[in-house]
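Residues per chain, in single letters:
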Amino acid sequence: MPDLSQSDPAKVAASRAAVALVRDGMKLGLGTGSTAAIMVQVLAERVKAEGLNLRCAATSKATTDLAESLGIKIETLDEIGWLDLTIDGADEVDPDLHLIKGGGGAHLREKVVAMASDRMVVIADPGKVVDQLGAFPLPVEVLHFGFETTRKLIRRALDTLDLGQTEVLQRLKGSDPWVTDEGNLILDLHLGVIPDAHALARALAAIPGVVEHGLFLGICDLAIIGKADGTVVEL
Ligand code: 5RP
């Protein structure tokens, strides 16, 4: 198991506090990203130490591989059906617990899993807490089919919302297009600020080539923010 003492203490603190919410017999959703990866390690420690009997669904291939390498069995969401708790990271968290997610390109599966859970808990370091969403580029997963047309429709929607100065950049991995676990592409919207997240979410969802955007509005129930001194605050 990787050595947690070498990991970011803020992320470890948030992960420990979230994993403390896990009870024997629970059905869990496991998020994606560097913070979620630490959470999976903390969870694996508890499973091993306490012999917890859990059923887990993962939000990405990366999380599946990590969890299984640490002895946590992963089932599909449909095998489990409904989850008690999902624990995931975020790129931004605002005071209303609205989120930007998808920095790791997994926001589609993350949203499906979070919305199939009684409770979604976000774990993050203080750098993720913002007054207003938008400094982090908003990921939008789009189909290959009609990719440039979808980009134009996104630009048009942004114009309508007076966000017309936004760069809409295709995410790359090296010099190749980033391809998600679901086989789609990603556009990152460099907005700066998002004055009305609900209006933007509606506008993006109305574009057929958009598979899913990274705005999580009214989905997160609790954010646990870890600090470098090992303490946490809850939002
Ligand atoms: C992946 C995500 C991640 O949860 C988000 O990018 C935060 O990642 P990290 O914990 O590495 O900062 O949404 O799609």
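The model shown is predicted, which means the values in this text are computed figures rather than measured ones.

Peer 1: How should the overall build of the protein be read in this particular structure?
Peer 2: A tally of helices and strands in the protein yields seven helices and 15 strands. Taken over C-alpha atoms, the radius of gyration comes to 18 Å for the protein, in line with the 18 Å a tight globule of 235 residues would show. Structurally, the protein occupies a C-alpha span of about 55 × 35 × 35 Å along its principal axes. Relative to its 235 residues, the protein shows a buried fraction of 46%. In the protein, the share of contacts with a sequence separation of at least 24, taken over all contacts with a separation of at least 6, comes to 76%.

Peer 1: Looking at this structure, I do not really get the UniProt feature "active site" (unreviewed entry) in the protein. What am I missing?
Peer 2: Feature annotation in UniProt assigns "active site" (unreviewed entry) to the following positions: Glu-110. For Glu-110, the position within the fold is in helix 5 (residues 107–115). Residue class for Glu-110 comes out buried when judged on the 32 C-beta atoms lying within 10 Å of it. Excluding its chain neighbours within four sequence positions, the residues that come into contact with Glu-110 are Gly-31, Thr-32, Thr-59, Asp-88 and Lys-101.

Peer 1: What is the right way to read the site of the ligand from this model?
Peer 2: Near the ligand, the surroundings consist of 18 residues, among which Gly-33, Thr-35, Gly-89, Gly-103 and Gly-104 are the closest. Counting only elements with at least two residues in the shell around the ligand, the list comes to helix 2 (34–50) and helix 5. Ranked by the residues each element gives to the shell around the ligand, the list is headed by helix 2, at three residues. Residues belonging to the shell around the ligand are distributed by class as follows: three nonpolar, eleven polar and four charged.

Peer 1: Can you help me understand helix 3 (residues 61–69) in this one?
Peer 2: Because an α-helix completes one turn every 3.6 residues, residues spaced three or four positions apart along the sequence face the same direction. Buried residues of helix 3: Thr-63, Leu-66 and Ala-67, and no others. Buried residues of helix 3, seen end-on, are gathered within an arc of 95° and therefore sit on one face of the element. Those residues of helix 3 that are exposed and angled more than 90 degrees off the buried face are Asp-65 and Ser-69. Elements that come into contact with the buried residues of helix 3 comprise strand 1 (27–30), helix 2 and strand 2 (55–58). In the segment just after helix 3, Gly-71 is the residue with positive phi, at about 90°.

Peer 1: It is not clear to me how the sheet that holds strand 11 (residues 185–190) should be interpreted in this structure. Could you clarify?
Peer 2: Hydrogen bonds along the backbone pair up the strands of a sheet, which may run parallel or antiparallel. If you walk across this open sheet you meet the four strands as 8-11-7-12, and the pairing is antiparallel. In this open sheet, the two strands that pair with only one neighbour each are strand 8 (167–170) and strand 12 (210–213). Put simply, the sheet's adjacent strands are angled 25° from each other on average, direction ignored. Sheet analysis places strand 7 (residues 138–142) next to strand 12, joined by three bridges and oriented antiparallel. Paired with Glu-141 across the strands is Glu-212, a residue of strand 12.

Conventions used here
Residues numbered from 1 in each chain as written. Predicted model: local features only at pLDDT ≥ 70, side-chain atom pairs only at ≥ 80, totals over all residues. Helix = DSSP H or I, 4+ residues; strand = E, 2+ residues; numbered from the N terminus. Rg over C-alpha atoms; globule rule 2.2 N^0.38 Å. Buried ≥ 20, exposed ≤ 12 C-beta atoms within 10 Å, placed from the backbone. Contact = placed C-beta atoms within 7 Å. UniProt positions renumbered as here; feature names shortened; annotations may be inferred. Near = placed C-beta within 6 Å. Nonpolar A, V, L, I, M, F, W, Y, C, P; charged D, E, K, R; others polar. Arc of directions from axis to C-beta. Pairing = 2+ DSSP bridges. Axes fitted to C-alpha atoms, helices over the stretch in contact; angles between N-to-C directions.

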